[in-house]
Amino acid sequence: MRRLGLLVAVAALTVTAQAQAATLTVTPRNFSPHRAVLRVSAQLSVTRQVGVRLSMPNGRAIGWIVPPSRRRILAVGWDGRIRGKRVPDGNYVVRLVYRSAVLATAPLRLDGHAPQLVGLRADNGSTRFGGDGPLLTTISPNGDGFRDQADASFTLREPATVTMDVTRTVKVPKVIYTLTAKFGRGPHTMTWLPASNVNPRTYLIRLSAVDQSGNRSTYGAPNAFTGRQAHGLVVRLQGIDAAFNKPSYLPGELAQIRVATDEPSLSYRIFHSGPEQVVTYADNQFAGVDIGVEPVSLDWSPWRSRAHTIAFRVPSVLSGLYYVQFSGPDGRVGYAPFVVRPTSLGMTNRVLVVLPTNTWQAYNFQDVNGDGYGDTWYAGPPNRTVDLSRGYIARGVPPRFYRYDLPFLHWLYWSGKSAEFISDSDFDQIASGDDLQRAYDLVVFEGHEEYVTSHEYDVVQRYRDLGGNLMFLSANNFFWKVDKKGQSLQKIAKWRDAGRPEASLIGVQYRANDDGQKQGLYSVQASASAPWLWENTGLTDGSTFGQFVGGYGIEIDATTPDSPPGTLILAQIPDLFGPGIGPQMTYYETPTGAKVFAAGVLDFGGSATYWPTKKMLDNLWARLSQP
């Protein structure tokens, strides 16, 4: 008996020694088959017939992760399947097994489900503004304790790390603020208190939750092309949001301005844009000349929680670009620009300037429907239209106005010149190119005239054919054909694909765009072919210009076989975007006497107040403003 007891004791010591000599490592302990591969490694002091088995905590075996075989070292990856089937989520034990003995164990939690944010909603801590809903809230961070912050509330069904990204959207979200916190189960709130200088517009709040296993869930559309059904939160940051119901008016006409703000009171004044002796360097600022009308004060307390429309009598002023500047007691400012068109075409001046209001709205990312993305085709499908009655997101200033449009207006007024003005929409009021030719000797497209209707194209082409002069001071003009119904534009097709290549009218047409990554200097060529353009500029063949603004480019135009016969290349930037891809500045005349100039680069008009551009414009004006 003593001998038998001794043998049993020795056997027990042997198993214990074997167990102590074996190690088992499982990484990660919280395992999601959707996020990673489970790393299972084991090491024994001697070679044995061992396997790795998954079991319930009560010991019930689920199956082999690694079937038994002779080995001393083991290192495998496991995808969460046993016999080809996914193992349900839950708590398990991984066992290193030798025959009937368990040599080592490791706990494992298998979790393949992403954490859920239940009951997601947005709030401002005060009363809702008209149009707000569970996923959309309006705030006005002016420090008055009323709608100052945006709260994102939700309930977690499991612990998770939650990140709130406040994003400014164009085609994809750009993060402007991030907050991350670890939460347990239950209800939680995350808050965004924006700085007072953040531009009014909508901001998409994207929330992502990551659990201990690395499973992730995200709320909020990742781009404007897909995933708009991915419900996120939207914050409408409100300033004094104001907009006319159409782009232009006659002097004395009764207009409507839609205003949305929670200011208790408002005052407004009217300014003329262009004659001011002030240079603006911001996308969200206007600086004009007060036309002298007494400021108007409004009690806005009844409309602090909904938009309201006011009547506005357009003053009897000269044709031009004007804006109504609204101000509130907290210092906030909002602008509502409008064009005053001439009572009769050519009544006061034989030069007409067309303001690119269609393009301004196409590049306007104002989000009226509250989905977090701008209501424009530039935000991506499903948008195919733009609304001409929307306010602009940068406190009401048209996109890129100070860079591409305002310098021309400054040159015009500062040099003592004058003109009549219309918007793109006003071509609806011009019956034909014959009417345009009877009224004007020169039509100037000062900005980025990218979107034109069939009627606008017809009128301008007929005007040219009758001998009317044209000046294009930007690039990528007459590129897209659009249809206009009421105050809505729909993009149809490229004009060149519709059988009317823009080069046949302008002399050049759109060639390329690099978003301004590389800009260059125009080089004068064949100056003798148009000596009047270079007169008193100091420029001769081979001279370059553009240094004063850092070069030209962004979007560029060039001649094509469709350019009219005799089109002169006045200057060019060879190979700006690569071999054979560079902008060309052109000029041509027709047998009927039309004179047509095209700048060939997007930002030429934006340099109008710099030398030698301002002198070139003087020379162009002197030649083209004459019949």
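On a predicted model such as this, the values are computed, not experimentally measured, just so you know. Chains are numbered independently. Their residues run from 1 in the order of the written sequence. Given that this is a predicted model, residues contribute local features only at a pLDDT of at least 70 and side-chain atom pairs are listed and counted only at 80 or more, while totals for whole chains, interfaces and linings are drawn from all residues. Calculation of side-chain values draws on the structure's entire complement of heavy atoms; hydrogens and water are dropped beforehand.

### Thoughts on the packing of helix α4 (residues 406-414) against helix α9 (residues 613-624)
Moving on, step 1. To get an axis, a line is fitted to the C-alpha atoms, and for a helix only the part in contact is used. The angle between two axes follows their N-to-C directions and goes from 0 to 180 degrees. Here a strand is any run of E in DSSP of at least two residues, a helix any run of H or I of at least four, and the numbering for each starts at the N terminus. For the pair α4 and α9, interaxial distance at closest approach is 11 Å and the crossing angle is 65°. The angle between the axes of α4 and α9 places the two elements in the roughly perpendicular class. As for how α4 packs across α9, the hand of that crossing is right-handed. For the pair α4 and α9, contact is made by F408, W411 and L412 and by K614, L617, D618 and W621, respectively.
Moving on, step 2. Gly is placed with the polar residues, together with every amino acid not listed as nonpolar (Ala, Val, Leu, Ile, Met, Phe, Trp, Tyr, Cys and Pro) or charged (Asp, Glu, Lys and Arg). Its residues placed into classes, the contact of α4 with α9 shows 5 nonpolar, no polar and 2 charged. Put simply, angles under 35 degrees are roughly parallel, angles over 145 are roughly antiparallel, angles from 65 to 115 are roughly perpendicular, and the rest are oblique. In this scheme, a crossing is called left-handed if the near helix is turned counterclockwise away from the far one by less than a right angle; it is called right-handed if the turn is clockwise. By the convention used here, residues are in contact when the closest approach between their heavy atoms is within 4.5 Å.

### Points about α9
Moving on, step 1. Compared with the 16 Å implied by 1.5 Å per residue over 12 residues, the 16 Å span of α9 between its first and last C-alpha is a close match.
Moving on, step 2. Taken as a whole, α9 has its buried residues at T613, M616, L617, N619, L620, W621 and L624. The span one expects for a helix is its residue count, reduced by one, times 1.5 Å. The buried label applies to any residue whose accessible area, calculated with a 1.4 Å probe on protein chains only, is under 20% of its type's maximum; exposed applies above 50%, and partly exposed to all values in between.

### A word on empty space enclosed by the protein
Moving on, step 1. Points on a 1 Å grid, built from protein atoms alone, make a cavity when a 1.4 Å probe fits but cannot get out and make a pocket when they are open with protein on both sides within 12 Å along at least 5 of 7 lines; residues with an atom within 4 Å of a point are the lining residues. Grid points are joined across faces, edges and corners, and a volume is the space filled by probe spheres set on the points. Under the defined criterion, the tally for this structure stands at 2 cavities of 30 Å³ or more.
Moving on, step 2. For the largest cavity, the calculated volume is near 160 Å³.
Moving on, step 3. What lines the largest cavity is a set of 18 residues, and nearest its centre among them are K246, P247, P337, Q361 and Y392.
Moving on, step 4. Per element, the largest residue contribution to the lining of the largest cavity is 5 residues, and it comes from strand β26 (residues 333-340).
Moving on, step 5. The residue inventory of the lining of the largest cavity, partitioned by class, reads 13 nonpolar, 3 polar and 2 charged.
Moving on, step 6. As a volume, the second largest cavity reaches approximately 50 Å³.
Moving on, step 7. Lining the second largest cavity, in full, are N358, D424, S425, F427, D428, T453, E456, K484 and L489.
Moving on, step 8. Here the residues of the lining of the second largest cavity sort into 2 nonpolar, 3 polar and 4 charged.

### Re α4
Moving on, step 1. Of all 9 residues that make up α4, 7 are buried, and the element is covered over most of its length.
Moving on, step 2. Among all positions of α4, only L406, P407, F408, L409, H410, W411 and L412 are buried.
Moving on, step 3. For α4, the secondary structure elements touched by its buried residues are β25 (320-327), β27 (351-355), α3 (401-404), β29 (420-423), β30 (442-445) and α9.
Moving on, step 4. G416 occupies a position one or two residues after α4 and carries a positive phi of about 80°.

### Quick notes on the packing of aromatic side chains
Moving on, step 1. When the centres of two rings from Phe, Tyr and Trp lie within 6.5 Å, Trp using its six-membered ring, the rings pair. Their planes under 30 degrees apart give stacked, over 60 give edge-to-face, and anything left gives tilted. The tally for this structure, following the rule as stated, stands at 37 aromatic pairs.
Moving on, step 2. When the ring of F479 is compared with that of Y510, the centres are 5.2 Å apart and the planes differ by 65°; the resulting orientation is edge-to-face. You can see F479 sitting in the loop between β32 (469-472) and β33 (480-485) and its partner Y510 sitting in strand β35 (residues 509-513), a full 31 residues away along the chain.
Moving on, step 3. Given a relative accessible area of 21%, Y510 falls into the partly exposed group.
Moving on, step 4. Taken together, the aromatic side chains of F244, Y249, Y268, F312, Y322, F326 and F338 make up a single cluster linked through ring pairs.
Moving on, step 5. A positively charged side chain is recorded as over a ring if its NZ (Lys) or CZ (Arg) lies within 6 Å of the ring centre. The angle to the ring normal must also be within 35 degrees. It is R500 that lies over the ring of Y457; its NZ or CZ is 4.1 Å from the centre.

### Section: the layout of surface pockets
Picture a little ball the size of a water molecule; that probe, rolled over the atoms, points out where space is still empty.
Moving on, step 1. Space inside the largest pocket adds up to approximately 1100 Å³.
Moving on, step 2. In this structure, the largest pocket is lined by 40 residues; those nearest its centre are Y363, F365, P399, R400 and R403.
Moving on, step 3. Elements that contribute at least two residues to the lining of the largest pocket include exactly β12 (160-169), β13 (173-183), β15 (201-210), α2 (357-362), α3 and β35.
Moving on, step 4. Taken together, the residues that form the lining of the largest pocket break down as 21 nonpolar, 9 polar and 10 charged.
Moving on, step 5. Size it by volume and the second largest pocket reaches roughly 590 Å³.
Moving on, step 6. Taken together, 32 residues make up the lining of the second largest pocket; nearest its centre are R236, D241, R258, A260 and V368.
Moving on, step 7. Where the lining of the second largest pocket is concerned, the elements lending two or more residues are β17 (233-237), β18 (241-244) and β20 (254-260).
Moving on, step 8. For the lining of the second largest pocket, the leading source of residues is β18, giving 4 residues.
Moving on, step 9. Among the residues making up the lining of the second largest pocket, the classes are represented as 14 nonpolar, 8 polar and 10 charged.

### Brief notes about the pairing of β27
Moving on, step 1. In terms of burial, β27 is a largely internal element, 5 of the 5 residues being buried.
Moving on, step 2. Side-chain alternation along β27 places V351, V353 and L355 on one buried face and L352 and V354 on a second face that is also buried.
Moving on, step 3. Any two strands with at least two DSSP bridges between them are considered paired. Across 4 bridges, the pairing between β27 and β30 is parallel. Residue pairing for β30: V351 is matched across the bridge by L442.
Moving on, step 4. Where β27 lies against β29, 4 bridges are found, and the strand directions are parallel. Each bridged residue has a counterpart across the sheet, and for L355 the counterpart in β29 is S423.

### Focus on the sheet that holds strand β31 (residues 451-452)
Within a sheet, adjacent strands bond to each other through the backbone by hydrogen bonds, running parallel or antiparallel.
Moving on, step 1. Strand order in the open sheet formed by 4 strands is β28-β34-β33-β31, with mixed pairing between adjacent strands. With partners counted over all chains shown, the strands left at the sheet margins are β28 (385-387) and β31, one partner each.
Moving on, step 2. Here β28 runs beside strand β34 (residues 488-494); their pairing, made up of 3 bridges, is antiparallel. Each bridged residue has a counterpart across the sheet, and for V386 the counterpart in β34 is L489.

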